[in-house]
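Breakdown of the fold
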Amino acid sequence: NAGVTQTPKFRILKIGQSMTLQCTQDMNHNYMYWYRQDPGMGLKLIYYSVGAGITDKGEVPNGYNVSRSTTEDFPLRLELAAPSQTSVYFCASRGGDSSYEQYFGPGTRLTVT
Amino acid sequence: AQSVTQPDIHITVSEGASLELRCNYSYGATPYLFWYVQSPGQGLQLLLKYFSGDTLVQGIKGFEAEFKRSQSSFNLRKPSVHWSDAAEYFCAVGIGNEKLTFGTGTRLTIIP
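A brief report on the enclosed structure follows.

Conventions and cut-offs
- Residues numbered from 1 in each chain as written.
- Chains lettered and ligands numbered in written order.
- Predicted model: local features only at pLDDT ≥ 70, side-chain atom pairs only at ≥ 80, totals over all residues.
- Heavy atoms only, no water.
- Pairing = 2+ DSSP bridges.
- Helix = DSSP H or I, 4+ residues; strand = E, 2+ residues; numbered from the N terminus.
- Axes fitted to C-alpha atoms, helices over the stretch in contact; angles between N-to-C directions.
- Disulfide = S-S within 2.5 Å.
- Buried < 20%, exposed > 50% of the residue type's maximum accessible area, 1.4 Å probe, protein only.
- Salt bridge = Lys/Arg side-chain N within 4 Å of Asp/Glu carboxyl O.

With that out of the way, let us pick up the sheet that holds strand 8 (residues 76-78) of chain A. All names here are of chain A. Taken in spatial order, the four strands line up as 1-3-8-7 in an open sheet, and their pairing is antiparallel. Of all the strands in the sheet, just strand 1 (4-7) and strand 7 (64-66) have a single pairing partner and so form its edges. Strand-to-strand twist in this sheet, taken as the mean axis angle between neighbours without regard to direction, amounts to 20°. Bridge analysis of strand 1 against strand 3 (residues 19-25) gives four bridges, and the strand direction is antiparallel. Bridge pairing in strand 3 links Val-4 to Gln-25.

Per the counting criterion, the structure on display carries two disulfides over all chains. Here Cys23(A) engages in a disulfide with Cys91(A); their sulfurs sit 1.8 Å apart. What sets the handedness of the Cys23(A) and Cys91(A) disulfide is the S-S torsion sign, and at about -70° it is left-handed. Here Cys23(A) is found in strand 3, whereas its partner Cys91(A) is found in strand 9 (residues 87-94), with 68 residues between them in sequence. With respect to burial, Cys23(A) and Cys91(A) carry one shared label: buried. Across the disulfide, Cys23(B) is cross-linked to Cys91(B) (sulfur-sulfur distance 1.9 Å). The sign of the S-S torsion, about -65°, decides the handedness of the disulfide formed by Cys23(B) and Cys91(B): left-handed. Of this pair, Cys23(B) sits in the loop between strand 3 (19-21) and strand 4 (24-26) while Cys91(B) is found in strand 10 (residues 87-95), placing the two residues 68 residues apart along the sequence. For Cys23(B), a relative accessible area of 0% translates into the label buried.

Right, let's talk about the pattern of salt bridges for a bit. Residue and element names in this part refer to chain B. Enumeration according to the criterion identifies seven salt bridges over all chains in this entry. Between Arg-77 and Glu-66 there is a salt bridge, with its nearest N and O atoms 3.2 Å apart. In this pair, Arg-77 sits in strand 9 (residues 73-78) while Glu-66 sits in strand 8 (residues 64-68), placing the two residues eleven residues apart along the sequence. We classify Arg-77 as partly exposed; its relative accessible area is 23%. A relative accessible area of 23% means that Glu-66 is categorised as partly exposed. Overlapping salt bridges, with partners in common, bring together Glu-64, Glu-66 and Arg-77 in one network.

Below is the structure:
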């Protein structure tokens, strides 16, 4: 049982490039989330999904896009990368039960230069 | 809007000493409250959670937290810290049943 996996672990992008951060969970969870973590700022929600085919914006969605074509996968797309998107990105998932616990992946460290 | 405040950015504690990390929240309804821990280079792991009932909740690794509605607080405690407790700790409040709002975190350093 791998839980939540994220690829890549590290990436350096040039300004204006695009990339997709991958997130997969094998727990059959309905809910999935993307956060960014910046020093001293905690975690900010970028996008989330309550099930396949359904996505919604979080607190800081500008510059990002998501899709949820399957229960397992929730990729995050960065178009026209900017230095402000330098951050550590975490994907998380949770089931539809009453525990509300979110399970986190190990993160992707992205640098835009 | 809901918010979570962790007033201590960094705390240093001697190994074996007791620990209390503070968390205050602002939320209009009965909150769901969580404490997560993040070791360096890792994702977040749930320590404990409060939904209702007994206001003193026990978690993993010997941690506990107490919900005080009158003070809008959910402080995390441990009677005796170990060097392995060095990490960053995040308090979070649940919004409805879909999303979490996180505090800015408290970094814990343990000295011998």
